[in-house]
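Read off the chains here:
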Amino acid sequence: MNHRTPAALPPVTLDDVRGAQKMLSGVARVTAMEGSRHLSQLVGAPVHLKCENLQRTGSFKLRGAYVRIAGLLPEERAAGVVAASAGNHAQGVALASSLLGVRSTVFMPKGAPLPKISATRDYGAEVRLQGQVVDETLAAAQEYAAETGAVFIHPFDHPDIIAGQGTVGLEILEQCPEVRTVVVGIGGGGLAAGIAMAVKTLRPDVRIVGVQAEGAAAYPPSLAAGRPVAVEHPATMADGIKVGRPGDVPFRIIGDLVDEVRTVTEDELAAALLLCLERAKLVVEPAGASPVAALLSDPGSFEGPVVAVLSGGNVDPVLLQRVLRHGMAAQGRYLAVRLRLTDRPGALASLLGALSVVDANVLDVSHVRTDPRLGLTEAEVELHLETKGCEHCAEVGEALRAAGYTVIG
C-alpha cells in the first residue's frame, strides 16, 4: 500500500476508524474533555475542550502514526520507517515505532527546537538534522527511503493516518453526544479529515469547522479551485499547521464533509494560547489553540454545544515566552514605549514617577545615553510595562504626553 499514489489509495471509512480505535486501545489515551466557562459565556452555549495536548507525545499524532506502522507487512517493518517533521509527527513516529519494535529514522530541520529533538531521540528514533526548512528535510527523508527501502511515513496523506486521527472524532461523540459543532485546526488535513469522517458518518447534523492560520491557509483557495493548490512561503507561528499544500487524500474528505474553513490571525492565535493557559490551565501550542482563536474571533457564529480540539501542546519555551508577550500586548496588557528625555540627574526617576501615577507597572528599563542619533544632552529610554487593557494603554500614553515626553515608538 505504501508505494501507491494518493489517488490510488482506498477511501477511509467508518469501519477503518473503528478498527483503528481497537488497535489503539491501551496505546493512545482517551484524552479528557474539559468544559470552559469563559468560552461558554462568550459563545452563549456550552464549549468543551478536547485535550489532545495531553495525549502521549503531547499531540494527536501518535494515533495515526501507530495505526500506519502497525499495518505494515513484516518485510516492511524489517526495513524500518523514516519520517520528516519539525516536531509532533516526529515524536509520534518515534514512540509508535518503539512500541511496535520497528527501527525509525526521523529527519528534522537544523533549526528545530532542542526540546523536540531531544524528545524524539528519547522516544527511540535516530534523529538526523538536515535542511533549513521542512521541504528540504522532507526531500532528504524521501531520498533516504529510496536508498534504504525504509517505509516513508507521511504526516497526513495516507488512509491509515487519517483513520488513526479519526479516533478523536469517535471519542468526541462518546464524551459529548449532544455536540452540535466541532472546531478543529487544519494543516495538511489528516486530523480534520479523520474527525469529519467519523463524526459526519454517525451524526450528519453536526457542523465541522476547520481553522487555518491566515498566513498558511492553503485550503480556502484549494476548495475554491476544486483541487489542492500550494501556498508559496507559508508564514505563521503555528508550525503544527504550517503546511503549504493540502494532502490529496484528506483534501477529498474535507471537501465532502467539512462545512466551513475559517482563518485566524497571529494576534488571535496568541490571544487564544494565552486564554488556554490562564483560564483553562492548559499548555497548548499555537496550532492547538487555533480552534479557540476561531471562537474568540466570532463567538456568536457557533451553534452549541461546541467541541474545540486542542491538537497539541508541544510548544518551545522560547516561543511560548514570545507568544505570551505578544498575546498580552494584543489585549493591551503589555506595552513597550520608547522616548527621549534630557540626560540629567533625576530625569529617569521623574519619568517613573509619571508612570506610577497612572498605575503602570514597569517590567524592564533600557537606558541608552551614547548613540549617534542622540544629542549631547539627550538619553533614550525604552520601557516595558504591564498594563490593564487597551484603555489603560491609551491613558499611559496621554499621561506621558501631558508630562512633556515625546513617545517615539
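Everything below is about the structure printed above this text.
Remember, it's a predicted structure, so these values are computed and weren't measured experimentally.

(A) How the structure looks around the nonpolar core. One finds Ile69, Val81, Ile172, Val179, Val182, Ile195 and Val309 to be the most contacted residues of the largest nonpolar core, which totals 56 residues. With eight residues, helix α9 (residues 190-202) is the largest single contributor of residues to this core. Counting 38 residues, the second-largest nonpolar core is a separate cluster that includes Met237, Val264, Ala293 and Val306.

(B) How the structure looks around the sheet that holds strand β11 (residues 334-342). Ordered by their spatial adjacency, four strands build an open sheet running β12-β13-β11-β14, and the pairing between neighbours is antiparallel. In the strand order of this sheet, the two ends are held by β12 (361-368) and β14 (406-407), each with one partner. Across seven bridges, β12 lies against strand β13 (residues 378-386) in antiparallel orientation. The residue bridging His367 from the neighbouring strand is Val381, located in β13. Helix-sheet contacts for helix α15 (residues 347-357) involve β11, β12 and β13, and the interaxial angle to β13 is about 30°. Packing of helix α16 (residues 390-402) onto the sheet brings it into contact with β11, β13 and β14, and relative to β11 it is tilted by some 5°.

(C) Representation of the sheet that holds strand β10 (residues 306-310). Taken in spatial order, the six strands of this open sheet run β1-β2-β10-β7-β8-β9, and their pairing is mixed. Each edge of the open sheet is held by one strand with a lone partner, namely β1 (33-35) and β9 (260-264). Ignoring which end each strand starts from, the neighbouring axes of this sheet average 25° apart. Across three bridges, the pairing between strand β7 (residues 181-185) and β10 is parallel. In the sheet register, Val182 faces β10, and the bridge partner there is Val307. Its contacts with the sheet place α9 against β7, β8 (207-213) and β10, and it is angled at close to 165° to β7. Packed on one face of the sheet, helix α13 (residues 290-297) meets β2 (47-51), β7, β8, β9 and β10 and runs near 120° to β7.

(D) Molecular detail of the environment of Gly397. With respect to the helices and strands, the residue Gly397 is situated in helix α16. In this structure the C-alpha to C-alpha distance between Gly397 and Gly80, which are 317 residues apart in sequence, comes to 61 Å.

(E) Highlighting the packing of aromatic side chains. In this structure the tally under the stated criterion is two aromatic pairs. Residues Tyr219 and Phe251 carry aromatic rings whose centres are separated by 6.1 Å and whose planes lie at 35° to one another, so their mutual orientation is tilted. Remark: Phe251 occurs in helix α11 (residues 248-257) and Tyr219 occurs in helix α10 (residues 219-225); sequence separation between them is 32 residues. Considered together, Tyr219 and Phe251 belong to a single accessibility category, that of buried residues.

(F) Inspection of helix α1 (residues 14-24) at higher detail. Inspection of α1 places Leu14, Val17, Ala20 and Leu24 among the buried residues, and these make up the whole buried set. With its buried residues spanning 120° around the axis, α1 presents them on a single face. Summarising the geometry of α1, the exposed residues directed more than 90 degrees from the buried face are Asp15 and Lys22. Residues of α1 that are buried make contact with α3 (61-70), α8 (159-175) and α9.

(G) Inspection of unusual backbone geometry at higher detail. Look at the link from Gly304 to Pro305: it is a cis peptide, with omega at -5°. A positive phi angle, close to 55°, is found at His233, a residue other than glycine. Its place among the elements puts His233 in the loop between α10 and α11. Of note, the phi angle at Asp359 is positive, near 60°, even though the residue is not glycine. Within the element layout of this structure, Asp359 appears in the loop between α15 and β12.

Procedures and definitions
Residues numbered from 1 in each chain as written. Predicted model: local features only at pLDDT ≥ 70, side-chain atom pairs only at ≥ 80, totals over all residues. Heavy atoms only, no water. Core = buried A, V, L, I, M, F, W, Y, C linked by side-chain atoms within 4.5 Å. Buried < 20%, exposed > 50% of the residue type's maximum accessible area, 1.4 Å probe, protein only. Helix = DSSP H or I, 4+ residues; strand = E, 2+ residues; numbered from the N terminus. Pairing = 2+ DSSP bridges. Contact = heavy atoms within 4.5 Å. Axes fitted to C-alpha atoms, helices over the stretch in contact; angles between N-to-C directions. Phe/Tyr/Trp six-rings, centres within 6.5 Å; stacked < 30°, edge-to-face > 60°. Arc of directions from axis to C-beta.

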